[in-house]
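These are the residues of each chain, in order.
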Amino acid sequence: MEILEEIAAEIEKGDPASVPALTEKALSQDISAQDILNKGLVAGMDTISERFKKGEIFIPEVLIAAKAMKAGMEIIKPLLAESKVEAKGKVVIGTVKGDLHDIGKNIVAMLLEGSGYEVIDLGNDVPKEKFLEQVEKERANVLGMSALLTTTMTYMREVIESLEKAGLKQKVKVIIGGAPLTYSFAEQIKADGYAPDAASAVDLVKDLLNQ
Ligand code: B1M
């Protein structure tokens, strides 16, 4: 089995002990951190998502797989970040209030870092006050919000309205993402952009900052 497939398979099995070793092995075979991320770690997690959707596995299995994925991410994170020369811009990112899903958001943050942006990650369950405070304090170029629940995605509208009220909306580009979101939802809530996946999020940030 090819090493990247092996990484994906170990994530599916949920083995946090073997994933770091395989990740190291892939790096020693000169496979790029980006490929390990997309074709190994994310690929494994994608399968887990599909199986969870079909009801073949349950939350504990998903959490174990996420832990295995995180163990691999720890190893490649510095390498993705290393490739940056000088920060191209500052991105404040977080998962909105009431929402604990952070796997996708973490991948977006890592890819942005890997592409040379400074990323201030506020974590999950982030209230609008915290987003505003950090956008202002950090003079962020981009605010990225993630949501995985149909019940929490609507909170993004509140954050954007608060930015408008505080006079910050013109100063920062707002991008959103997460499985239940769409381009039209982004338009409705007056976000500057929507990205369906982490790689498109990087392209979107580049476009919005004209890079
Ligand atoms: Co939850 N969960 N979950 N869950 N969970 C979903 C989202 C769900 C679709 C599962 C299902 O029912 N089929 C469903 C939502 C239904 C809905 O709203 N319509 C759901 C539910 C219901 C729940 C709970 C309510 C379950 C319960 O307790 N009864 C609960 C809510 C907790 C809360 O948040 N308050 C819950 C809990 C959990 C866990 C804690 C067990 C765990 C999260 C662990 C963690 O994140 N640390 C979890 C997980 C893992 C999932 C699924 C299985 C996988 C999500 C994931 O990580 N995908 C998910 C089912 C699914 O999506 N198929 C599900 C992999 C990740 C790489 O993809 O996050 O989509 P994703 O990110 C992508 C893109 O969307 C995009 O780029 C990423 C990489 O390409 N993207 C962005 C994401 N953010 C972006 C931001 C951007 C740009 C792009 O710009 C800023």
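Owing to the predicted nature of the structure, the values given are computational and were not obtained by experimental measurement.

Cut-offs applied
- Residues numbered from 1 in each chain as written.
- Predicted model: local features only at pLDDT ≥ 70, side-chain atom pairs only at ≥ 80, totals over all residues.
- Heavy atoms only, no water.
- Phe/Tyr/Trp six-rings, centres within 6.5 Å; stacked < 30°, edge-to-face > 60°.
- Helix = DSSP H or I, 4+ residues; strand = E, 2+ residues; numbered from the N terminus.
- Buried < 20%, exposed > 50% of the residue type's maximum accessible area, 1.4 Å probe, protein only.
- Near = heavy atom within 4 Å.
- Nonpolar A, V, L, I, M, F, W, Y, C, P; charged D, E, K, R; others polar.
- Domains from an automatic or database assignment.
- Contact = heavy atoms within 4.5 Å.
- Buried area = accessible area lost by both parts, 1.4 Å probe.
- Salt bridge = Lys/Arg side-chain N within 4 Å of Asp/Glu carboxyl O.
- Polar contact = N/O pair within 3.5 Å; in protein donor to acceptor, adjacent residues only side chain to side chain.
- Core = buried A, V, L, I, M, F, W, Y, C linked by side-chain atoms within 4.5 Å.

## Re the packing of aromatic side chains
Two measures describe an aromatic ring pair: the distance that separates the ring centres and the angle between the ring planes.
Link 1 in the chain: In the structure shown here, the tally under the stated rule is one aromatic pair.
Link 2 in the chain: Relative to Tyr 194, the ring of Tyr 183 lies with its centre 4.8 Å away and its plane at 85°, an arrangement referred to as edge-to-face. Of the two residues, Tyr 183 is situated in helix α8 (residues 183-188) and Tyr 194 in strand β5 (residues 193-194); the sequence distance between them amounts to eleven residues.
Link 3 in the chain: A residue is classified by how much of its surface remains accessible, and Tyr 183, at 54% relative accessible area, is exposed.
Link 4 in the chain: Since its relative accessible area comes to 11%, Tyr 194 is described here as buried.

## Here we look at the site of the ligand
Link 1 in the chain: Around the ligand lies a shell of 31 residues, among which Leu 100, His 101, Asp 102, Ser 146 and Thr 150 are the nearest.
Link 2 in the chain: Mapped by element, the contributors of at least two residues to the shell around the ligand are α3 (33-53), α4 (59-82), α5 (103-114), β3 (142-146), β4 (173-177) and α9 (198-208).
Link 3 in the chain: In terms of residues, the shell around the ligand owes the most to one element, α5, which gives four residues.
Link 4 in the chain: Broken down by class, the residue content of the shell around the ligand amounts to 18 nonpolar, nine polar and four charged.
Link 5 in the chain: When residues of the shell around the ligand are assigned to domains, at least three fall in each of domain 1 (2-82) and domain 2 (90-210).

## As for the domain arrangement of the protein chain
Link 1 in the chain: Per the domain assignment, the segments of the protein chain are domain 1 (2-82) and domain 2 (90-210).
Link 2 in the chain: The C-alpha centroid of domain 2 is placed 25 Å from the C-alpha centroid of domain 1.
Link 3 in the chain: Between domain 1 and domain 2, the residue contacts involve twelve residues of the former and seven residues of the latter.
Link 4 in the chain: Buried area between domain 1 and domain 2, summed over both chains or domains, comes out near 860 Å², and the portion from carbon and sulfur atoms is 77%.
Link 5 in the chain: When residues of domain 1 are sorted by the area they lose upon contact with domain 2, Met 73, Lys 77 and Leu 80 head the list and together hold 44% of the total.
Link 6 in the chain: Counting the contacts that link domain 1 with domain 2 gives zero salt bridges.
Link 7 in the chain: At the junction of domain 1 with domain 2, the criterion picks out zero residue pairs in polar contact (both at pLDDT 80 or more).
Link 8 in the chain: Among the elements of the structure, α3 and α4 are those that each provide at least two residues to the side of domain 1 that touches domain 2.
Link 9 in the chain: The leading source of residues in the side of domain 1 that touches domain 2 is α4, at eight residues.
Link 10 in the chain: Split by residue class, the side of domain 1 that touches domain 2 holds nine nonpolar, one polar and two charged.

## Notes on the nonpolar core
Link 1 in the chain: Ranked by size, the top nonpolar core spans 43 residues in total, and within it Ile 7, Leu 37 and Leu 41 carry the most contacts.
Link 2 in the chain: Contributions of two or more residues to this core are made by α1 (3-13), α2 (18-28), α3, α4, β1 (90-95), α5 and α9.
Link 3 in the chain: With eight residues, α4 is the single largest residue contributor to this core.
Link 4 in the chain: A domain-level breakdown of this core finds at least three residues from each of domain 1 (2-82) and domain 2 (90-210).
Link 5 in the chain: Core analysis: the second largest hydrophobic core is formed by 28 residues, Ala 147, Ile 160, Leu 168 and Ile 189 among them.

## Section: helix α6 (residues 128-138)
Link 1 in the chain: The complete set of buried residues in α6 reads Phe 131, Leu 132, Gln 134, Val 135 and Glu 138.
Link 2 in the chain: Those residues of α6 that are buried are in contact with β1, β2 (118-121), β3 and α7 (155-165).
Link 3 in the chain: A positive backbone phi angle near 50° is found at Arg 139, which sits one or two residues after α6.

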